[in-house]
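# Commentary on secondary and tertiary structure
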Amino acid sequence: MNDITMNDLIGLLPYAPIIAVVITVLTVMIAITFKRSHMVTGTITVAGLNIGLFTLIGQMIGVIESGSIAPNAEQLFVIDNFAQFNMVVIFICALACCTLSYAYLANLKDNKEELYLLMLLSTIGALLMVSAQHMASFFMSLEMLSVPLYGLLAYTYMRNQSLESGLKYLVLSATASATLLMGMAFIYAEVGSLAFKPISMVLGNIFESPLLILGAAMMMFGIAFKLSAAPFHMWTPDVYEGAPAPIATFLASVSKVAMMALAVRFLIDTALLALPSVQMLLMVMATLSILVGNLLAVRQTSLKRLLGYSSIAHMGYVMIVIVSIGSAADSISSMYMAVYAFTSIGAFGVVTLMSSPYRLSGEADELTHYQGLFWRRPVLTAVMTIMMLSLAGIPLTAGFITKLFAILAAVQGTNWFLAAMIILGSAIGLFYYLRVLLTLFKRPKQFIEFDVSGQWGIRTGGIMVIAVTAIILFFGILPNSMIEWASLARIW
């Protein structure tokens, strides 16, 4: 057995933030074996994620040594600017979900500690996904994200909806993973390489290969399922509705950011975007996602289902960016997904603060549960209002800036039809987002089924929701810093 040398340790420096989360998992496991304590487990989890986040930021600004190993196309993982940007977003989203979970599980009489363990494991998978540049690391990191989610979705098992949510995601996700794996096998059989960049080097010789096109199509189907893009979207509203509110937040933020980053790196590095069949497939899926997501959201009376269909439409907007500007899509898609993730955290955060895991009738999910919320919780109403306006793409919110960049990307790629689809989708979306806002300001109901505690604003979840709202407003009013930061998120 070879001894570990100093060069080996230096080679691990770029992965220090991920290693910090791995050590946190081991610490949480040891802590649980000694004594079950919700506060101790939650504190260790948040502390570990903060250490990982600040280590990553320190490496990005040069305060902490990050190693000097040059990227290699044959490596399983690479830590470049694109990976670091998305890792920062994932860390922030994971921290937000953990703080929301702490408030949500406060009254749960069953074991709470394993939820943090599963969430940390899934976060490690997400961090690895954004830095994967090989088919093996693609599949391994994707499954590391997905498998803990089965347990997380069904964690509040006393509610049948939660069990149904976990089971649906288990069955359908396994099918998507099998399709993805088969696509990888077809591409490998034709190309002879599993690394992303070497695929692009031999693509010109086998450009019209039926086996390559079939493999690329199967991989796109698997990716579309994970992104909940139409026509592979059917699981999304059901899973969102049944999932515990903080886990739905995790699924809408961490999972989506990681999967989109991996998809962008895969499509750009392998140059599969050069295939006309892949371009056409992306255009069809983007158009269907925008139409299906927005039109079906109009009919919803459940806020979680509405946000689920909204996510389908937003994935369509990002796909338009990818198909329109190709290799230049890394920065804009990263910025769009970051803003979408923060907005989802704010919207689902309000649902989480008003929900309880023990209500057999469900969570604070129906729009009627929020009727007249303004008259008793004006600050919480302001949070939800800003989140809805950002999702709708209204000026002075960060969502407006990202949607504007999506339209500009479509125009730059001379895809006028896709640019029109973004505008049409936004117009339809405005209807159901404003319907949520009207509900908040209606006359209050006589009987209030769900409400937050009187001191919600000073609880960890409440502080986090207000902080996310401030970020959305700040980047909407002064977007230059966000644009400059996102412009650095380039694939090596």
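In every chain, residue numbers begin from 1 and rise along the written sequence. For this predicted model, a pLDDT threshold of at least 70 governs which residues receive local features, and a threshold of 80 or more governs which side-chain atom pairs are given and counted, while totals over whole chains, interfaces and linings are taken from all residues. Heavy atoms throughout the structure, all of them, feed into the side-chain values; hydrogens and water do not.

- As annotated in an unreviewed UniProt entry, the chain carries the name NADH-quinone oxidoreductase subunit N and comes from Psychrobacter proteolyticus.
- UniProt positions are given in the numbering used here, feature names are shortened, and annotations may be inferred rather than shown by experiment. Here the chain is described in UniProt, under the heading Sequence similarities (unreviewed entry), as follows: "Belongs to the complex I subunit 2 family."
- In its Catalytic activity (unreviewed entry) section, the UniProt entry covering the chain states "a quinone + NADH + 5 H(+)(in) = a quinol + NAD(+) + 4 H(+)(out)".

## Remarks on the overall build of the chain
- For the purposes of this entry, the term helix denotes a DSSP run of H or I that reaches at least four residues, the term strand denotes a run of E that reaches at least two, and both are numbered from the N terminus. Along its length, the chain carries 19 helices and zero strands.
- We compute the radius of gyration from the C-alpha atoms alone; for a globule the expected value is 2.2 Å times N to the 0.38, where N is the number of residues. A compact globule built from 492 residues should have a C-alpha radius of gyration of about 23 Å, and the chain, at 22 Å, falls within 12% of that.
- If one aligns the C-alpha atoms of the chain with their principal axes, the spans along those axes are about 70 × 55 × 45 Å.
- Using a 1.4 Å probe on the protein chains alone, a residue whose accessible area is under 20% of its type maximum counts as buried, one over 50% counts as exposed, and one in between counts as partly exposed. Going through the 492 residues of the chain one by one, you find that 59% of them count as buried.

## Some thoughts on helix α13 (residues 303-325)
- By this rule the span expected of a helix is its residue count minus one, scaled by 1.5 Å. The end-to-end C-alpha distance of α13, which contains 23 residues, comes to 34 Å, matching closely the 33 Å that a straight helix rising 1.5 Å per residue would cover.
- In terms of residue burial, α13 counts as a mostly covered element, since 23 of its 23 residues are buried.
- Two residues or fewer past α13, Gly326 is found with a positive phi of approximately 55°.

## A closer look at the pattern of salt bridges
- What counts as a salt bridge is simple: a side-chain nitrogen of Lys or Arg found within 4 Å of a carboxyl oxygen of Asp or Glu. Per the stated rule, a full pass over the model turns up nine salt bridges.
- A salt bridge links Lys197 to Asp269, with the nearest nitrogen and oxygen atoms 3.3 Å apart. In this pair, Lys197 sits in helix α8 (residues 196-202) while Asp269 sits in helix α11 (residues 245-270), placing the two residues 72 residues apart along the sequence. Side by side, Lys197 and Asp269 carry an identical accessibility label, which is buried.
- Among the ionic pairs, Arg305 bridges to Glu241, the shortest N-O distance being 3.1 Å. Of this pair, Arg305 sits in helix α13 while Glu241 is found in helix α10 (residues 235-242), placing the two residues 64 residues apart along the sequence.

## What about the state of the cysteines?
- For the purposes of this analysis, a disulfide is any pair of cysteine sulfur atoms at a distance within 2.5 Å. One pass over the full model with this rule turns up zero disulfides.
- Cys97 takes part in no disulfide bond, and the closest cysteine sulfur, belonging to Cys93, lies 6.6 Å away.
- Using a relative accessible area of 0% as the deciding quantity, one classes Cys97 as buried.

## As for the packing of aromatic side chains
- Pairs were defined over the aromatic rings of Phe, Tyr and Trp, the Trp ring being its six-membered one, requiring ring centres within 6.5 Å. Orientation was assigned from the angle between planes: stacked under 30 degrees, edge-to-face over 60, tilted for the rest. For the structure shown, the criterion picks out 13 aromatic pairs.
- Ring centres of Phe196 and Phe266 lie 5.4 Å apart, and the angle between their planes is 70°; on these two criteria the pair is classed as edge-to-face. Residue Phe196 is located in helix α8, and its partner Phe266 is located in helix α11; the two are separated by 70 residues in the primary sequence. When sorted by exposure, Phe196 lands in the same class as Phe266, which is buried.
- A network of ring pairs unites the aromatic residues Tyr150, Tyr169, Phe225 and Trp235 as a single cluster.

## A closer look at unusual backbone geometry
- With an omega of 5°, the peptide bond running from Ala230 to Pro231 counts as cis.
- Residue position: Pro231 is located in the loop between α9 (210-227) and α10.
- Positive phi values are uncommon outside glycine, yet Ala271 reaches one of about 65°.
- Checked against the element boundaries, Ala271 lands in the loop between α11 and α12 (276-297).
- The phi dihedral of Leu396 falls on the positive side, at around 75°, and the residue is not glycine.

## Things to note about the side chain of Thr397
- Summarising the element assignment, Thr397 is placed in the loop between α15 (378-392) and α16 (398-412).
- Not counting residues within four places of it along the chain, the set of residues in contact with Thr397 comprises Ile386, Leu389, Ser390, Ile472 and Gly476. Contact between two residues is taken to exist if any of their heavy atoms lie within 4.5 Å; hydrogens are not considered.

## Section: the confidence of the model for the chain
- The predictor attaches a confidence to each residue, and that confidence, scored 0 to 100, is pLDDT. Across the chain, the average pLDDT comes to 87, with 91% of residues at 70 or higher.
- The weakest mean pLDDT in the chain belongs to helix α1 (residues 6-12) at 64; the strongest belongs to helix α5 (residues 113-129) at 94.

## Describing the packing of α12 against α13
- Only C-alpha atoms enter the line fits that serve as axes; for helices the fit covers just the stretch in contact. Angles between N-to-C directions range over 0 to 180 degrees. Where α12 meets α13, the closest approach of the two axes is 7 Å, and the angle between their N-to-C directions is 155°. The angle between α12 and α13 places the two elements in the roughly antiparallel class. Like other packed secondary-structure pairs, α12 and α13 cross with a definite hand, here left-handed. Note on element contacts: α13 touches α12 through Leu306, Tyr309, Ile312, Ala313, Gly316, Tyr317, Met319, Ile320, Ile322 and Val323, opposite Gln279, Leu282, Met283, Met285, Ala286, Ser289, Ile290, Val292, Gly293, Asn294, Leu296 and Ala297. Angle categories are assigned with fixed cut-offs, so that under 35 degrees is roughly parallel, over 145 is roughly antiparallel, 65 to 115 is roughly perpendicular, and the rest are oblique. Handedness of each helix crossing follows the sense of rotation of the near helix against the far helix: counterclockwise by less than a right angle gives left-handed, clockwise gives right-handed.

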